[in-house]
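# Structural overview
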Amino acid sequence: SESSIWNRRIKEKKLLRKQIKASHTLLKHEGIHTAPHLVVANGGLGNNVSREELSAALKEMGEVESLLMPPHKPYAFVTYSALKAYTHLNGQKLQCGESSVMLCLSYVNSASVPLPEGLVLLEDFVSPEEEALLLAAVDWSSTNEDVTAQKALKHRRVKHYGFEFRYDNNNVDKDKPLPAGIPAECLPVLERCLRNGHINVMPDQLTVNQYESGQGIPPHVDTHSAFEDTILSLSLGAKTVMEFRHPDGRVVAVVLPGRSLLVMKGESRYLWTHGITPRKFDMVPACEQQSPDHVTPEPGTRSNLTLSKRGTRTSFTFRKIRPEPCRCAPSTLSPSTPSPPALPCCHADAARLEEEYVHRVYDAIASHFSSTRHSPWPRVCHFLSSLPPGSVLADVGCGNGKYLGVNPEMIAVGCDRSSALVQICAERGFHAFVSDALNVPLRTASCDACISIAVIHHFSTEERRLAAMRELVRLLKPGGHALIYVWAFEQEYNKQRSKYLKEHNKEHHGKENLTKNTSEDRREPHGKSAIQNSGHLEEGYEPVGKVTDGKLSVHTNRTAFNTQDLLVPWHLKEGKKPGEEDNLTAVFHRYYHVFHQGELEQLCSQVDGVKVQSSYHDQGNWCLYSKINANK
């Protein structure tokens, strides 16, 4: 009948739209263009489809060669006789518990994720006997720090041989070699590396790191001014996962088995950061080949996944001291000495800037950052406490979740771009998930209230700041409320200096140290805030403090702002034990756009269906309280 034909055409168009959307998602997340092999959209771990459920459906179409299910992603890859599956499964619904999803199949060139260029992983590089000899060569009980420069850092303990790597300046003193050279037990391994062509010269510096379960190291690039190109990293003991991040946002998680050797040179050495997220379990490919969907993946491929409990891991990192100063420009990825980036001129530039100077930084400093965020701000608490029981709250950019537990009578969920901060939320018993503030995976008009505290100022263009505000509004029900805080250009308002500036006097009198971390979201407001009604905003708002040479400047903490777009330093300290001095490891720089008076309201005026109830200045922040129109 005509109605059935019409319904079939509607279904086909809907399916085509989903396939096109899936192809865009793959291109964004995996860099894959659709072609010969099958990708199953809506059939991923990210939308609660289990391996067993999807595998059962796929096996009806023939023998499955491999099934790859990337973590947290709403799609999976399958390799087998594709034509039959495409014909029978495309557009079909799969029952998953009490809900169902419609599968959308497309063809892709490859389901593998390549290793960064210049990175080589060699499994079983040393024998179990060699591993035992190497571990025994490291005497952690020694208290003579002048010999091996042993350090106890917050997330690991460290020994240096040959030369000490100084964490206060991220460099080595070439004129002060340590009495203890590289242990003799390491020489057979290094000679093998020379014979096999992994290195051209014998290393003269060794750093031994020992990680217990739950420990890690922030994303970083090994100082290129101190060391030659090739770096060797030998993993002993338990396996772990090391994440490599490219400036364009690509992330490659590499499983490092015990007794494996990682060789880093070229792009993997200079362009990609590498780090280990502090956690007690890793999501790793399963090794057993008990069935077609338990195929060991190619290096770098995320396949059938299982949880691996971390144990004690010891890494031997061998490097060659650079005899003369390097002649290349400093790496913009080095956290301590960034080459100031330019203001973005397009969406792609803005995304890259935020990835490097916002997302990566928060992942790197998450633990230290969280330790400084423990007291919720009073005015935000007042807003949350005023919500009726049963209200649904979305905290977009929730950080460590300090606002998620303020009102136990509401249903609170948070999201943050930093997986490390979301993990902290989970450990504190809060509901949170990883998400970009520009694309929150919650239904439209599903929330009674939204808060965005110290988030929107991290977007580097007006278009992206406006998009973040529109996304907040999309989440709200008609009549819902939003509270937004951004850092203010005016740190002195109504003749009152913010606490941020007041601390500057203490520092100059020796009561504080200038390396202390400072930012808008660390200050705790006191007393009453200056309230400004939205109807009395100054007309003809003109932004001030624009960057004139196209380059961002590095702000001096605890001082007044002279530009709106800038980099703010964060001094990462690995913590200290009683009797130890502070261990200053690195200085990271976060991008901020500090808001001028009236700018936040002007931004909000461009969003349809929003009425500003009030705006005010609260201890160095511009704040806006708005309500969504009932006829939204």
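Residues numbered from 1 in each chain as written. Predicted model: local features only at pLDDT ≥ 70, side-chain atom pairs only at ≥ 80, totals over all residues. Heavy atoms only, no water.

Under an unreviewed UniProt entry, the protein chain has the name tRNA (carboxymethyluridine(34)-5-O)-methyltransferase and belongs to Neolamprologus brichardi. Quoted straight from UniProt, the Catalytic activity (unreviewed entry) entry for the protein chain says "5-(carboxymethyl)uridine(34) in tRNA + S-adenosyl-L-methionine = 5-(2-methoxy-2-oxoethyl)uridine(34) in tRNA + S-adenosyl-L-homocysteine". (UniProt positions renumbered as here; feature names shortened; annotations may be inferred.)

Another aspect to go through is the overall build of the protein chain. Scanning the protein chain from N- to C-terminus turns up 13 helices and 34 strands. Split into buried and exposed, the 632 residues of the protein chain put 52% on the buried side. Taking the contacts inside the protein chain whose residues are at least 6 apart along the sequence as the reference set, 72% of them involve residues at least 24 apart. (Helix = DSSP H or I, 4+ residues; strand = E, 2+ residues; numbered from the N terminus. Buried < 20%, exposed > 50% of the residue type's maximum accessible area, 1.4 Å probe, protein only. Contact = heavy atoms within 4.5 Å.)

By size, the foremost hydrophobic cluster in this structure holds 32 residues, and its most contacted members are Val 396, Ile 456 and Met 469. Of all the elements in the fold, those that place two or more residues in this core are strand E22 (392-396), strand E25 (447-453), helix H11 (462-475), strand E26 (476-487), helix H13 (599-604), strand E33 (610-618) and strand E34 (621-628). A per-element tally of this core places H11 first, with six residues. Ile 365, Phe 369, Leu 501 and Trp 570 belong to the second largest nonpolar core, which has 27 residues in total. (Core = buried A, V, L, I, M, F, W, Y, C linked by side-chain atoms within 4.5 Å.)

This part takes up the environment of Leu 45. As for its placement among the helices and strands, Leu 45 is situated in the loop between strand E1 (34-41) and helix H2 (51-59). Residues Leu 45 and Tyr 75 lie 30 residues apart in sequence; the distance between their C-alpha atoms is 7.3 Å.

Residues Leu 187, Leu 194 and Met 202 make up a contiguous nonpolar surface patch of roughly 200 Å² in combined accessible area. You can see Leu 194 is positioned in helix H6 (residues 187-195). Since its relative accessible area comes to 31%, Leu 194 is described here as partly exposed. (Patch = residues over 30% accessible without salt bridge, like charges linked within 9 Å, V, L, I, M, F, W, Y side chains within 5 Å. Areas by Shrake-Rupley, 256 points an atom, 1.4 Å probe, with all protein chains shown as cover. Salt bridge = Lys/Arg side-chain N within 4 Å of Asp/Glu carboxyl O.)

Turning our eyes to something else, we now look at the pairing of E34. Within a regular beta strand, the side chains point alternately toward one face of the sheet and then the other, so they alternate between its two faces. The buried fraction of E34 amounts to six of the eight residues, a majority that puts the element mostly inside the structure. One ladder, built from seven bridges, connects E26 with E34; its direction is antiparallel. Residue pairing for E34: His 481 is matched across the bridge by Lys 627. Sheet topology places E33 next to E34; eight bridges connect them, and they run antiparallel. The partner of Ser 615 across the bridge, within E34, is Leu 624. Count of turn residues in the E33/E34 antiparallel hairpin: two residues, of which Gln 619 carries a positive phi of about 45 degrees. (Pairing = 2+ DSSP bridges.)

On to the sheet that holds strand E18 (residues 273-276). The sheet built from four strands is open, its strands ordered E13-E18-E15-E16 with antiparallel pairing. The open sheet terminates on both sides in strands that have one partner only, identified here as strand E13 (217-220) and strand E16 (251-256). Each strand of the sheet is rotated relative to its neighbour by a mean of 20 degrees, with strand direction disregarded. The pairing of strand E15 (residues 240-245) with E16 spans six bridges and is classified as antiparallel. By the bridge assignment for E16, Arg 245 is matched with Val 251. On the sheet, helix H8 (residues 347-371) packs against E13, E15 and E18 and is oriented at approximately 165 degrees with respect to E15. (Axes fitted to C-alpha atoms, helices over the stretch in contact; angles between N-to-C directions.)

Right, let's talk about the packing of H8 against helix H10 (residues 419-427) for a bit. Between H8 and H10, the shortest axis-to-axis distance is 7 Å and the interhelical angle comes to 35 degrees. Contacts from Tyr 362, Asp 363, Ala 366, Ser 367, Phe 369 and Ser 370 of H8 reach H10 at Ser 419, Ala 420, Leu 421 and Ile 424. For the contact of H8 with H10, the class distribution of residues is six nonpolar, three polar and one charged. (Nonpolar A, V, L, I, M, F, W, Y, C, P; charged D, E, K, R; others polar.)

What H6 keeps buried is the set Val 189, Leu 190, Arg 192 and Cys 193. For H6, the arc enclosing every buried residue in end-on projection is 155 degrees, short of the 170-degree limit, so these residues lie on one face. At its buried positions, H6 is contacted by helix H4 (128-136), strand E14 (231-237), strand E17 (260-264) and strand E21 (313-319). One or two positions beyond H6, positive phi appears at Gly 197, with a value near 80 degrees. (Arc of directions from axis to C-beta.)

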